[in-house]
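Examining the three-dimensional arrangement
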Amino acid sequence: MRWTLPLVLPDDHVEIGNRMKDCRRSLMLLLRRSAPTSSLHGDATRAIDALDRLRTRLDCHLHLSVAASRDPRHLLSAVYSGTDPLVWREYDPDEMDRDAFAAWARDR
């Protein structure tokens, strides 16, 4: 079977990345609060592992689909990495021609 790149736009990646960060944070809370020998702990551990594998694949896809020249504010690495979400910002539609993440900013 041949692997093909899915049609996921940069804005979609940001939305997915933000939700994955929230999900991982919730799973980590469950992990910290459950007994290491419990089935909940084991399920949370496996879910985090699966989420991290998926996040890595999506990050690779994003890096293949967005040229460095279309990332002047260096947000590409923040989409799936770290714990802080990217947030919506006011932007000029003309920015989209040169910035794949024109609608997004780091949450400060």
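Quick caveat: nothing in here was measured; it's all calculated off a predicted structure.

1. As for the pattern of salt bridges
On inspection of all chains with the given rule, the structure shows seven salt bridges. With a shortest N-O distance of 2.8 Å, Arg-24 and Asp-52 are connected by a salt bridge. Placement of Arg-24 in helix H1 (residues 10-33) and of Asp-52 in helix H2 (residues 39-65) is noted, with a sequence separation of 28 residues between them. With a shortest N-O distance of 3.2 Å, Arg-55 and Asp-52 are connected by a salt bridge. Within this pair, Arg-55 and its partner Asp-52 are both found in helix H2, separated by three residues, close to a single helical turn.

2. Focus: H1
An α-helical turn contains 3.6 residues, so a residue and the one three or four places further along point in the same direction. Taking 1.5 Å of rise per residue, 24 residues should cover 34 Å, and H1 covers 35 Å from first to last C-alpha, within 8% of that figure. Residues of H1 that are buried include every one of His-13, Val-14, Gly-17, Asn-18, Met-20, Lys-21, Leu-27 and Leu-31, and no others.

3. Some points on the nonpolar core
Ranked by internal contacts, the top residues of the largest apolar core, which has 20 residues, are Val-14, Leu-62, Val-66, Val-79, Tyr-80, Leu-86 and Phe-101. Mapped by element, the contributors of at least two residues to this core are H1 and H2. No other element matches the five residues that H2 contributes to this core.

4. Regarding the packing of aromatic side chains
Enumeration according to the criterion identifies two aromatic pairs in this entry. Their ring planes at 80 degrees and their centres at 5.9 Å tell us that Trp-88 and Tyr-91 sit as a pair that is edge-to-face. For Trp-88, a relative accessible area of 55% gives the class exposed. The class for Tyr-91 is partly exposed, based on a relative accessible area of 31%. Each ring, one from Trp-88 and one from Trp-104, has its centre 5.3 Å from the other, and the planes form 90 degrees; the classification is edge-to-face. Of this pair, Trp-88 sits in strand S1 (residues 86-88) while Trp-104 is found in strand S2 (residues 104-106), placing the two residues 16 residues apart along the sequence. Accessibility expressed as a relative area gives 4% for Trp-104, which makes it buried.

Cut-offs and rules
- Residues numbered from 1 in each chain as written.
- Predicted model: local features only at pLDDT ≥ 70, side-chain atom pairs only at ≥ 80, totals over all residues.
- Heavy atoms only, no water.
- Salt bridge = Lys/Arg side-chain N within 4 Å of Asp/Glu carboxyl O.
- Helix = DSSP H or I, 4+ residues; strand = E, 2+ residues; numbered from the N terminus.
- Expected span 1.5 Å × (residues − 1).
- Buried < 20%, exposed > 50% of the residue type's maximum accessible area, 1.4 Å probe, protein only.
- Core = buried A, V, L, I, M, F, W, Y, C linked by side-chain atoms within 4.5 Å.
- Phe/Tyr/Trp six-rings, centres within 6.5 Å; stacked < 30°, edge-to-face > 60°.

Keep in mind that these numbers describe shape and distance, not what the molecule does.
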